[in-house]
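Here's the letter readout for the chains.
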Amino acid sequence: MNIIFFGPPGAGKGTQAAIIKNDFGLAHLSTGDMLRAAVAAGTEVGQQAKAVMDEGKLVPDDLIISVVAERIEEPDCANGFILDGFPRTLPQAQALDRMLAKKGKSLTAVIEVRVPDAVLVGRIEKRAAETGGARADDNPETLKKRLAVYHEQTAPVLPYYEQAGLLRVIDGNRDIADVTAAIKAALS
Ligand code: AMP
C-alpha cells in the first residue's frame, strides 16, 4: 500500500501518518523531516535547503525528487509507505509516478486532509509555542507564506490525482481520532 497524505501545513498529516503507519505496517516518509535532518547534519542537501525552508518556500524539485528516490529504495519501504509532504508540485507528482513504475508499483490512494486556513494558523501558533520555536518556519509570518505556496503551487496537483481516481477527501477539522477513523474508512 503506497499512500500520499496531502494537505496544507498544520493539517495533521504527520500526526495521522504516525498513527496509520503502525496499523498498516508502512514506512512514514516526511520530506520536511528528511530536510530538517539534513539541515541539522549539515549535509550538502541541508545546506542547499536551509534558507529556502526558513523562508517558507519550496526547495527545488530536482533536489527533493532525488531525496525521495533514494529513500524509497530503503528496505523499510518494501511493504509500502506513506508520503507526507511530497509531492508538492506537478513535476514532483510526475517524477513519483516514474519512480513507482520503474519498481512495478503504483499508488493506492491520495488522502487530502482538508482544514480551513484560519484553523491552521491557530494550530501552527500552538505548535510553535509547544516546541519552543524549534522550527524556524513555525511563525505567523512564514506560515502565511507557506499557506500561499500551498494554494498556489501544491493544491493545483490535486486534479492530477482526481483524474486518476485516487483522490479521497477527508475533513481534517475534527478530533484526531475522528480523522484517523475517516482515513481508515477511505483506505478500506
Ligand atoms: P513540511 O514539514 O512538510 O511542512 O516541510 C517543511 C519545509 O520543507 C517546506 O516549507 C519546504 O521548504 C520544504 N519541503 C518539504 N517537502 C517539500 C517538497 N516536497 N518540495 C519542496 N519543498 C519541500
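Up top is the structure.
Summary of the structure given here. Just so we're clear, the structure is a prediction, and the values are computed from it rather than from any experiment.

1. Comments concerning the pairing of strand β4 (residues 109-114)
For step 1, the next point in the chain: Burial analysis of β4 places five of its six residues in the buried class, which makes it a mostly covered element.
For step 2, the next point in the chain: Sheet analysis places strand β1 (residues 2-6) next to β4, joined by four bridges and oriented parallel. Counted as the bridge partner of F5 is I111 from β4.
For step 3, the next point in the chain: Sheet analysis places β4 next to strand β5 (residues 167-171), joined by five bridges and oriented parallel.

2. Observations concerning the sheet that holds β1
For step 1, the next point in the chain: Pairing in this open sheet of five strands is parallel, and the strands run β2-β3-β1-β4-β5 from one edge to the other. Two strands close off the open sheet at either side, each with one partner strand: β2 (27-30) and β5. Strand-to-strand twist in this sheet, taken as the mean axis angle between neighbours without regard to direction, amounts to 20 degrees.
For step 2, the next point in the chain: Packing against the sheet, helix α9 (residues 176-187) makes contact with β1, β4 and β5, and its axis sits at approximately 160 degrees to β5.

3. Some thoughts on the pairing of β1
For step 1, the next point in the chain: Buried residues dominate β1, accounting for five of its five residues.
For step 2, the next point in the chain: Burial of the side chains of β1 extends over both faces: N2, I4 and F6 are buried on one face and I3 and F5 on the other.
For step 3, the next point in the chain: With four bridges connecting them, β1 and strand β3 (residues 81-84) associate as parallel partners. Looking at the pairing, I3 lines up with I82 of β3.

4. Some thoughts on unusual backbone geometry
For step 1, the next point in the chain: Of the consecutive residues F86 and P87, the connecting peptide bond is found in the cis state with omega at 0 degrees.
For step 2, the next point in the chain: If you trace the backbone, P87 turns up in the loop between β3 and α5 (90-102).

5. Points about the site of the ligand
For step 1, the next point in the chain: Lining the immediate surroundings of the ligand are 16 residues, of which T31, K57, G85, R88 and Q92 lie closest.
For step 2, the next point in the chain: Within the side chain of R88, one N or O atom sits 2.9 Å away from a nitrogen atom of the ligand.
For step 3, the next point in the chain: In the complex, the protein chains occlude 96% of the 480 Å² of accessible area that the ligand would expose alone.
For step 4, the next point in the chain: A per-element tally of the shell around the ligand places helix α2 (residues 31-41) first, with four residues.
For step 5, the next point in the chain: Counted by class, the shell around the ligand contains six nonpolar, four polar and six charged residues.

6. Concerning the environment of Q153
For step 1, the next point in the chain: In this structure, Q153 sits in helix α7 (residues 140-154).
For step 2, the next point in the chain: Put simply, Q153 and T89 are 64 residues apart on the chain and 5.9 Å apart in space, counted from C-alpha to C-alpha.
For step 3, the next point in the chain: If sequence neighbours within four positions are ignored, Q153 has contacts with L58, R88 and T89.

7. Notes on the packing of aromatic side chains
For step 1, the next point in the chain: In the structure shown here, the tally under the stated rule is two aromatic pairs.
For step 2, the next point in the chain: For the pair Y160 and Y161, a centre-to-centre distance of 5.2 Å together with 75 degrees between the ring planes defines the contact as edge-to-face.
For step 3, the next point in the chain: The partly exposed category is assigned to Y160, whose relative accessible area is 25%.
For step 4, the next point in the chain: Y161 gets classed as buried once you look at its relative accessible area, which sits at 1%.

What counts as what
The residue numbers shown here count from 1 along each chain, following its written sequence. A pLDDT threshold of at least 70 governs which residues receive local features in this predicted model, and a stricter bar of 80 or more applies before side-chain atom pairs are shown or counted, although totals over entire chains, interfaces and linings include all residues. Note that the side-chain values use all heavy atoms of the structure and ignore hydrogens as well as water. Partly exposed describes any residue whose relative accessible area lies between the buried limit of under 20% and the exposed limit of over 50%, with all areas from a 1.4 Å probe on protein chains only and scaled to the type maximum. The helix and strand labels rest on DSSP assignments: H or I over at least four residues marks a helix, E over at least two residues marks a strand, and numbering proceeds from the N terminus. DSSP bridges decide pairing: two strands pair if at least two such bridges lie between them. Angles run from 0 to 180 degrees between N-to-C directions of axes, and those axes are lines fitted to C-alpha atoms, restricted for helices to the stretch in contact. Pairs of residues are marked as contacts when any of their non-hydrogen atoms sit within 4.5 Å. Here, proximity means that at least one heavy atom of the residue falls within 4 Å of the molecule or strand. Side-chain atoms alone can form a polar contact between residues adjacent in sequence; in general such a contact is a pair of N or O atoms within 3.5 Å, and within protein one must be able to donate a hydrogen while the other accepts it. Exposure was quantified through the Shrake-Rupley algorithm and a 1.4 Å probe, taking into account, for residues, occlusion by the shown protein chains and nothing else. Any residue outside Ala, Val, Leu, Ile, Met, Phe, Trp, Tyr, Cys, Pro, Asp, Glu, Lys and Arg is labelled polar, Gly included; the first ten of those are nonpolar and the last four are charged. Only the six-membered ring of Trp is used, alongside the rings of Phe and Tyr, when aromatic pairs are assigned; centres must lie within 6.5 Å, and planes under 30 degrees apart are stacked while those over 60 apart are edge-to-face, with the rest tilted.

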